[in-house]
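# Residue-level structural notes
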Amino acid sequence: MLLRRLWSVLVTVCLLLDYTHAAELGTLYSLGVGKADITGPVVEIGLMGYANPDQKGTGLRQRIYSRAFIVGSTDTLENRWVYVIADLACGDTAIRNGVLERLESMYGGLYRPGNVAIVGTHSHSGPGAWLNYLLPQITFLGFDQQSYNAVVDGIVLSIKRAHESTTPGYLSLSKGLIEGANVNRSPYAYEANPAVERDQYKSIGGEVDKIMTALTFKKKDGTPFGQLNWFPVHGTSLYLNNTLITGDNKGLAAVWMEKDLGNEFVAGFSQANVGDTSPNTQGAFCQDTGLPCAYENSTCNGRSQQCIGRGPAWPGPDLHSCEIVAQKQYRKARDLLTSSQTPVLGVIRSMHTFVNFANYTFTLPNGTSASTCPAALGFSFAAGTTDGPGAFDFTQNDPDEPGNPMWKIVGGFIKVPSQKQVQCQGRKPILLDVGEQDNPYPWSPNIVDFQMFRVGNLGIVVSAGEATTMAGRRWKAALAHELEKAGEWKKGEGWVVLGGPANSYTHYITTPEEYDVQRYEGASTLYGPNTLAAYLSLTTRYVSYLSKVPPTKPCPPGPLAPINTKKSICLIQGVVYDSPPLGKMFGDVLKDVNSTPYSAGQTVSATFVGANPRNNLRQEQTFVAVEKKQPNGAWNRVRDDADWNLVYRWKRTEGLTGQSEATVEWKADLAGTFRFKYYGDGKSWLGGKIAGFEGTSKEFTVT
């Protein structure tokens, strides 16, 4: 009897120790991370973000990437989700569809619509022309298959690498304050929200959220091998006159952290409730007078064009501002690896459905009925923002009747909105009634993605639109409240983040109060004043799919969104042919480096006989490189397209003969003896054959 009691006590103690150990480390999950190149055409294609047809790529400052994070059960292979953060302006319906089709062919139903999220960092410095709907295609002259394929191929490869790297491990959560990396670019609209509500958030940034939340991926021995973090700041550090491909501040922060930590560490810097945030932290000023812009509508003498936000490096260049904002995020993310951690403990859940927001009817908390509207953009949409002003005489904060009624006539050429649509959109004067225009194919999405993830004490809202600061706060609070009400979390113990724009691009999501002000963000809230309320209603409706015991009936897929890639217009001219100048060959040096030594920090450059880089995107490779001479005379590559300080520029010099030049520029950050390498691919005028070539500069010294 005594032995039996001693044995019972021993078993109880062991169970308690196991429970304590599990509580300290969290649940053991199957975790994977992967990274891959998604750099598309770096020249002759418009950059995605500012919608400026004159902003076409002329080269590359840093390659852009997709980073995939898999969280799965160690018991059930199918119970997993994958969160992809890509250096793109946004998610996209066709991109997601292409990725899912490829994953289906590779893994069957393991990765499916319900458990795959594709989120953009919202960089405005990547190649465009890969989008599903007509409106965003217009400034690129349509859809480009090469650009689309580059993104899909890279995202799929990042997921494949994450899948193949899965290993048992633990997750932990941490958070910290970042000062000086973001401001609110529409404070006048933000102040329309109730003061009592605004007061609740003074400690985390007030007008913007300044808290970074990090989810760290660790092996069983506690070694971190990946981090996915969320922090809201627009990818507009680089202005709309930038023509070099980059991942802007978040892409740079990720590469810096990965280089710093090495060992194939993957760092995902996700966007959050970004809608009204800006990296131009000094505020907006008139370029002609130097005075602050008009507070209510961000104008200078009644017009928007001169009102531009200043980054933290101003009067230095926007490039340096980008570096500052990137560094602040990178340093905080690195610090969060070793700061106080909250273990992640609990189930893995995911859900996704499509909802037709052309007329989604639901009940508000007060019992009244409400509905959304077909997509429409207001007049203030065309005014742009202080990160990138629009054209003509459009201004922000232009509700009800527009300042210039002539633009109503112009918008009417596309589609005259019905009276029902006008009433539904409330205080938004409609400039572009895009949701009621399907000729020759849909202009903007009416069918939207609704998606949520959960892993234990972390809930993730995956937003198809850019939620403003307060809209995101309300949405996150709603999800936390629903999980607490259902008994899934104790009050205050759950963490909620919001990632977006994801899976598609539905422009903005404002609060009703901000919507009525009709600054840029309100005018770009496609589905009317009830947009946010509709998302909150869907959160309540589908939160049960995140519970420990979800409904036995699968989440309904909803009406499928149209895929327009097969019928999209393309007026983008392809590469006809390349040729070198008479007496020259591809890769020959036209202007070489100096013979005299350079000092660290100086820019070294060389120009080569080039060919159009659209002939070969060189994904997972490089266009240019810096090689260092070793003591034994061998050359080792030390810098390539992944490095911020090494720039590749391309210029067509003769249109008729297909001649071009490629220039390599390096802001020297190493000492020694070096040379440049240039890798290109020329297209023959005879038969269109594409052949690779190399160019090599002479040696140069940096002291």
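Further up the page is the structure itself.
Notes on the structure follow. Here the structure is a predicted model, which is why all the values come from computation and not from measurement. Residue positions are given per chain, counted from 1 along the sequence in the order it is written. A pLDDT threshold of at least 70 governs which residues receive local features in this predicted model, and a stricter bar of 80 or more applies before side-chain atom pairs are shown or counted, although totals over entire chains, interfaces and linings include all residues. Hydrogen atoms and water are omitted, and side-chain values are computed over all heavy atoms in the structure.

## Some points on the sheet that holds strand 24 (residues 458–462)
Let me state the cut-off plainly: Paired strands, in this sense, are two strands between which DSSP finds at least two bridges. Secondary structure elements follow DSSP: runs of H or I of four or more residues count as helices, runs of E of two or more count as strands, with numbering from the N terminus. Only C-alpha atoms enter the line fits that serve as axes; for helices the fit covers just the stretch in contact. Angles between N-to-C directions range over 0 to 180 degrees. By the convention used here, residues are in contact when the closest approach between their heavy atoms is within 4.5 Å.
Taken in spatial order, the four strands line up as 18-23-24-26 in an open sheet, and their pairing is mixed. Looking along the sheet, the strands with just one partner apiece sit at the ends: strand 18 (348–356) and strand 26 (495–499). Within the sheet, the average angular offset between the axes of one strand and its neighbour, ignoring direction, is 15°. Helix 14 (residues 531–542) rests against strand 18 and strand 23 (447–455) of the sheet, and its axis sits at about 50° to strand 23.

## Points about the state of the cysteines
Cut-off, in case you're wondering: Pairs of cysteine sulfur atoms within 2.5 Å are what we label disulfides. Summary of the burial criterion: residues with accessible area below 20% of their type's maximum are buried, those above 50% are exposed, and those between are partly exposed, where the area comes from a 1.4 Å probe applied to protein chains only.
Tallying each qualifying case throughout the model produces three disulfides. The disulfide partner of Cys286 is Cys300, and the S-S distance across this bridge is 2.1 Å. Between Cys286 and Cys300 the disulfide shows an S-S torsion of about -100°. By sign, it is left-handed. One end of the pair, Cys286, is in strand 15 (residues 283–286); the other, Cys300, is in the loop between strand 15 and strand 16 (307–310), and 14 residues separate them in sequence. The pair formed by Cys286 and Cys300 is uniform in burial state, with each residue classed as buried. Between Cys373 and Cys424 runs a disulfide, and the two sulfur atoms are separated by 2.0 Å. The S-S bond linking Cys373 to Cys424 shows a torsion near -90°; that makes this disulfide left-handed. With Cys373 in the loop between strand 20 (369–371) and strand 21 (377–378) and Cys424 in helix 10 (residues 419–424), this pair connects stretches of sequence that are 51 residues apart. Its relative accessible area of 0% is what places Cys373 among the buried residues. Once the disulfide-bonded cysteines of the protein chain are ranked by sequence position, their pairing pattern turns out to be 1-3, 2-4, 5-6.

## Re helix 11 (residues 469–485)
The cut-off we apply is this: The span you would expect from a helix comes to 1.5 Å times its residue count less one.
Spanning 17 residues, helix 11 covers 24 Å between terminal C-alpha atoms, matching the ideal 24 Å at 1.5 Å per step. Burial analysis of helix 11 places 13 of its 17 residues in the buried class, which makes it a mostly covered element. Immediately downstream of helix 11, the backbone of Gly487 shows phi near 80°, a positive value.

## Observations regarding the packing of helix 11 against helix 14
Filter applied, for reference: These descriptions rest on fixed angle ranges, namely under 35 degrees for roughly parallel, over 145 for roughly antiparallel, 65 to 115 for roughly perpendicular, and the rest for oblique. Each crossing gets its handedness from the near helix: less than a right angle anticlockwise from the far helix is left-handed, clockwise is right-handed. Gly is placed with the polar residues, together with every amino acid not listed as nonpolar (Ala, Val, Leu, Ile, Met, Phe, Trp, Tyr, Cys and Pro) or charged (Asp, Glu, Lys and Arg).
The interhelical angle for the contact between helix 11 and helix 14, taken along N-to-C directions, is 15°, at an axis separation of 9 Å. Here helix 14 runs roughly parallel to helix 11, going by the angle between their axes. Where helix 11 crosses over helix 14, the two elements pack in a sense that is right-handed. Contacts from Ala471, Arg474, Trp475, Ala478, Leu479 and Glu482 in helix 11 reach Leu532, Tyr535, Leu536, Thr539 and Thr540 in helix 14. Grouping the constituent residues of the contact of helix 11 with helix 14 by class yields seven nonpolar, two polar and two charged.

## Describing unusual backbone geometry
A cis amide bond, omega 10°, links Trp314 with the succeeding residue Pro315. In this fold, Pro315 is placed in the loop between strand 16 and helix 8 (318–336). The step from Asn439 to Pro440 runs through a cis peptide bond, and the omega angle for that step is 0°. With respect to the secondary-structure elements, Pro440 resides in the loop between strand 22 (430–432) and strand 23.

## Structural notes on the pattern of salt bridges
Cut-off, in case you're wondering: By salt bridge we mean one thing: a side-chain nitrogen of Lys or Arg within 4 Å of a carboxyl oxygen of Asp or Glu.
Counted under the stated rule, the structure contains 33 salt bridges. For Arg67, the salt bridge goes to Asp87, with nearest N and O atoms at 3.6 Å. Here Arg67, found in strand 4 (residues 65–73), pairs with Asp87, found in the loop between strand 5 (80–86) and helix 2 (93–107); they are 20 residues apart in sequence, far enough to count as distant. Asp87 carries the same exposure label as Arg67, and that label is buried.

## Some thoughts on the nonpolar core
Put simply, the rule is: Only buried residues count toward a nonpolar core, which is a set of Ala, Val, Leu, Ile, Met, Phe, Trp, Tyr and Cys residues joined through side-chain atoms within 4.5 Å.
The biggest cluster of nonpolar side chains holds 65 residues, and the ones touching the most others in it are Val99, Trp130, Ile155, Tyr648, Trp666, Phe676 and Phe700. The contact partners of Trp130, leaving out residues within four places of it in the chain, are Met48, Leu88, Ala89, Cys90, Asp92, Ile95, Phe143, Ser147, Tyr148 and Val151. Counting 45 residues, the second largest nonpolar core, distinct from the first, contains Val461, Ala467, Ala533 and Tyr542.

## Let's talk about the side chain of Gln518
Our working rule: The term polar contact refers here to a pair of N or O atoms within 3.5 Å; inside protein, the definition further demands a hydrogen-donor-capable atom paired with an acceptor-capable atom, and it admits residues adjacent in sequence only when both atoms are side-chain atoms.
Along the chain, Gln518 turns up in the loop between helix 12 (512–517) and helix 13 (520–523). Among the residues examined, Gln518 registers a relative accessible area of 0% and is labelled buried. For Gln518, the side chain forms a polar contact with the main-chain oxygen of Tyr515, separated by 2.9 Å. Not counting chain neighbours up to four residues away, the residues in contact with Gln518 comprise Ser380, Gln396, Asn397, Asp398, Pro399, Arg427, Lys428, Pro429 and Ala523.

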